[in-house]
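# Structure assessment
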Amino acid sequence: MIGPVRRTLTLIVLSIRDMLVSAGPVALIAAGVLVAAYWWLDPQPPKTVTLATGPAGSAYAEFGQRYAEALARNGISVQLQATEGSLANLQALRAGTAGAAFVRGGSADPQADGEAGITSLGALFYEPIWVFHRTDARLARTDAGPKARKPRGAAPPPEPLTTLPQLKGLRVNIDQPGSGVPDMLQRLLQANGLNNDTLVLSQLAPEAAAEALQGGLIDAMVLVTAPESPVVLQLLHAPGIALMDVAQADAYTRRFPFLQSITLPRGVVDLSADVPPRDIGLLATTTSLLTREDTHPALRQLFAQAAQGFHGDAGWFNRARDFPNTRTSELPVSPEGDRAINGTPPIWQRYLPFWASNLLERMWLVIGGLIVLLLPLSRVVPPLYTFRVRRRVFRWYARLRQIEARLDEGLGERTELLNELDELDRLANQTTVPLAHAEELYALRNNIDAVRRRLLARRAA
């Protein structure tokens, strides 16, 4: 019982070995092509990427934390680089110290940065230009002078600020230098005929400026950030602080293409407290997520997919699915961003883990070409397999021919020749071949028997 089982196992092992050896050349070619393509395409991304965000407490910092948590679920560690703001983020991208960054519209140079390989993953959200001021700011004008004549009786309530020229003479904070807000505001002030001599300017961080505004140390502050910023929420509820209703918003959008006219609807901040108490017109830029051209495509894909989840809902200034979009991007949109926003994700992304779906997406063209290449090469495998199996049988024919030649020439003792035939028959009997090739084995044994009969017949004669 042990013999047949052992013989069967031997047959299985030999068949597997023959198949592997026969398919070896084709497998080596396929493996070589895959290794070369993997090395050239580099489909797997690095495990770490730097995202330039913004100052602590800003909307950029809040969103940066969300992106870090989203990419961590796919094994990517996001290092958050705190900066002064949008302009510093753009500088980090240009210098190569960040792989991705939040940059608001109007900060980048579309031609120079586009040629430098900086691309966009889409516009993410509006960043309004918030001009908060004290409700008594009109009474604190520095151009009133100490000798200004005070009105008799109760002072009338100050008129709300609706235009930038009304900031003349006030103490105004215009955010930190690296935020990009001072440069933007200078362009707007120049359009209104204002300069640094007509304002008392300061450049405090948003949180410090908010405290100074509520404490009466400054009269107004300009802040460009998303409504999710804690500073914005704090000032919208602060007593004695008002938000400028920009009366000339449409005129600004005509002169500055990177600006948009938006409306803060009544009660959208707090319905129960009716904050704000009326619709307020604002100016806004759109913030985009920019990346470098040398940032790995898989990382750009992850950032773009995360943006779909974070910025696709309705907000204070937009309806659902207004963002992310590619319409308001100043820089060219990368293929990963365009596919995530305007395309349909591949079906395998729903079922495969990130590393597998990414590998398939980066290598599918190579895999398809390899399949086309292997189809004709695979035809060589069956003949090679047949040759290896039959060689185990045919190799004994050489010894059989030698014995038959010696028999015909009368060389060698007949007993010696019979012993050689018996030994050859024993070896042939131990040869293992698949059932499909058993015919060659039985043919060998019949030929051995035929030579033996000839030898015995000649001996009898």
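Every chain begins its residue count from 1, and numbering advances along the sequence as written. In view of the model being predicted, local features appear only for residues whose pLDDT reaches at least 70, and side-chain atom pairs are presented and counted only at 80 or more, with totals across whole chains, interfaces and linings using the full set of residues. Values reported for side chains reflect all heavy atoms of the structure, with hydrogen atoms and water molecules removed beforehand.

A separate point is the overall build of the chain. Secondary structure summary: the chain contains 14 helices and 10 strands in total. Exposure classes here rest on a 1.4 Å probe applied to the protein chains alone. A residue is buried below 20% of its type maximum, exposed above 50%, and partly exposed in between. The buried share among the 461 residues of the chain stands at 44%. The contact definition used throughout considers only heavy atoms, calling two residues in contact when any of these lie within 4.5 Å. Once local pairs closer than 6 in sequence are excluded, the contacts in the chain between residues at least 24 apart make up 77%. As displayed, the chain has an accessible area near 24,400 Å², and 56% of this comes from carbon and sulfur atoms. Numbered from the N terminus, helices here are DSSP runs of H or I no shorter than four residues, and strands are runs of E no shorter than two. To be clear on the numbers: accessible area is Shrake-Rupley with a 1.4 Å probe, and residue cover counts the displayed protein chains and nothing else.

Mapped onto the elements of the fold, Pro 257 is located in the loop between helix 8 (249-255) and strand 9 (260-264). For Pro 257, a relative accessible area of 73% corresponds to the exposed category. Separated by 152 residues in sequence, Pro 257 and Gly 105 have C-alpha atoms that sit 9.4 Å apart.

Here the focus is helix 9 (residues 297-311). For a helix, the expected span equals 1.5 Å multiplied by the residue count minus one. The end-to-end C-alpha separation of helix 9 is 21 Å, in line with the 21 Å expected for 15 residues at 1.5 Å each. Every buried residue belonging to helix 9 is among Ala 298, Leu 299, Arg 300, Gln 301, Leu 302, Phe 303, Ala 304, Ala 306, Ala 307 and His 311, and all of these are buried.

Now for the confidence of the model for the chain. Looking at any residue, its pLDDT shows the predictor's confidence there, from 0 to 100. Residues at a pLDDT of 70 or more form 80% of the chain, whose mean pLDDT is 81. Per-residue pLDDT stays below 50 along residues 140-155; that stretch engages in nine contacts with residues further than four places along the chain or on separate chains.

On to the nonpolar core. The definition of a nonpolar core used throughout is a set of buried Ala, Val, Leu, Ile, Met, Phe, Trp, Tyr and Cys residues joined through side-chain atoms within 4.5 Å. In terms of nonpolar packing, the biggest core is built from 28 residues, with Trp 130, Phe 132, Met 221, Leu 243, Leu 264, Leu 282 and Phe 317 touching the most fellow members. Counting only elements with at least two residues in this core, the list comes to strand 4 (118-134), helix 6 (206-214), strand 7 (220-224), helix 7 (230-237), strand 8 (241-243), strand 9 and strand 10 (280-292). Setting aside chain neighbours within four positions, we find Phe 317 in contact with Tyr 126, Pro 128, Trp 130, Pro 227, Ile 262, Thr 263, Leu 264 and Leu 282. Counting residues in each nonpolar core, the second largest holds 26 residues, with Leu 167, Val 172, Ile 174 and Tyr 252 among its members.

Let us look at the packing of aromatic side chains. What counts as a ring pair is set by centres within 6.5 Å for rings of Phe, Tyr and Trp (its six-membered ring), and what kind of pair is set by the plane angle: stacked under 30 degrees, edge-to-face over 60, tilted for all other angles. Within this structure, the stated rule accounts for nine aromatic pairs. Look at Tyr 67 and Phe 303: their rings are 6.0 Å apart centre to centre, the planes differ by 40°, and that puts the pair in the tilted class. Linking Tyr 67 in helix 2 (residues 59-72) with Phe 303 in helix 9, this pair joins segments that are 236 residues apart in sequence. With a relative accessible area of 0%, Tyr 67 lands in the buried category. The exposure class assigned to Phe 303 is buried, which follows from its relative accessible area of 0%. An aromatic cluster is defined as three or more aromatic residues linked by ring pairs; in this entry it consists of Tyr 60, Tyr 67, Phe 102, Phe 303 and Phe 310.

The next point concerns unusual backbone geometry. Residues Val 275 and Pro 276 are joined by a peptide bond in cis, for which omega reads -5°. Cis geometry marks the peptide bond from Phe 323 to Pro 324; its omega dihedral reads -15°. Positive phi values are uncommon outside glycine, yet Asp 175 reaches one of about 75°. Among the secondary structure elements, Asp 175 is positioned in the loop between strand 5 (171-173) and helix 5 (181-191). Unusually for a residue other than glycine, Asp 274 sits at a positive phi of about 55°. Examined against the element boundaries, Asp 274 turns out to sit in the loop between strand 9 and strand 10. Exposure remark for Asp 274: the relative accessible area of 26% places this residue in the partly exposed category.

One way to put it is that helix 9 packs onto helix 10 (residues 335-342) with a least axis distance of 8 Å and a crossing angle of 30°. Classified by the angle between their axes, helix 9 and helix 10 sit roughly parallel to one another. Between helix 9 and helix 10 the crossing geometry is right-handed. Seen from helix 9, the contacting residues are Pro 297, Arg 300, Gln 301, Ala 304, Gln 305 and Gln 308; seen from helix 10, they are Glu 336, Gly 337, Ala 340 and Ile 341. Split into classes, the residues belonging to the contact of helix 9 with helix 10 amount to four nonpolar, four polar and two charged. Axis definition: a line fitted to C-alpha atoms, limited for helices to the stretch in contact. Angles are taken between N-to-C directions and run from 0 to 180 degrees. Any angle between 65 and 115 degrees counts as roughly perpendicular, while under 35 counts as roughly parallel, over 145 as roughly antiparallel, and the rest as oblique. Rotating anticlockwise by less than a right angle from the far helix to the near helix defines a left-handed crossing, while the corresponding clockwise rotation defines a right-handed one. In the scheme used here, Gly and all other residues not listed as nonpolar or charged are polar, with Ala, Val, Leu, Ile, Met, Phe, Trp, Tyr, Cys and Pro taken as nonpolar and Asp, Glu, Lys and Arg as charged.

With 17 of 17 residues buried, strand 4 is to be regarded as a mostly interior element. Pairing between strands requires that DSSP locate at least two bridges from one strand to the other. Relative to strand 10, strand 4 runs antiparallel, the two sharing eight bridges. Along strand 10, the bridge assignment pairs Ser 120 with Leu 290. Sheet topology note: the strand 4/strand 7 ladder contains five bridges and is antiparallel.

The subject of this paragraph is the packing of helix 2 against helix 9. Where helix 2 contacts helix 9, the axes come no closer than 10 Å and their chain directions differ by 120°. Taken together, the axis directions place helix 2 and helix 9 in an arrangement best described as oblique. Crossing of helix 2 against helix 9: the hand is right-handed. Here Phe 63, Arg 66, Tyr 67, Ala 70 and Leu 71 of helix 2 lie close against helix 9, whose contacting residues are Leu 302, Phe 303, Ala 306, Ala 307, Phe 310 and His 311. Considered class by class, the residues forming the contact of helix 2 with helix 9 number nine nonpolar, one polar and one charged.

A word on the pattern of salt bridges. By definition, a salt bridge exists where a carboxyl oxygen of Asp or Glu is found within 4 Å of a side-chain nitrogen of Lys or Arg. Overall, the coordinates contain 14 salt bridges when judged by the stated rule. Ionic pairing is found between Arg 426 and Glu 423, a salt bridge with its closest N-O pair at 2.4 Å. Note that Arg 426 and Glu 423 are positioned in helix 13 (residues 414-430) at a spacing of three residues, about one turn of the helix. The exposure class of Glu 423 is partly exposed, given its relative accessible area of 31%. The partner of Arg 445 in a salt bridge is Asp 425, and the shortest N-O contact between them spans 3.6 Å. Here the residue Arg 445 occupies a position in helix 14 (residues 438-460), and Asp 425 occupies one in helix 13, the gap between them amounting to 20 residues. Overlapping salt bridges, with partners in common, bring together Asp 422, Asp 449, Arg 452 and Arg 453 in one network.

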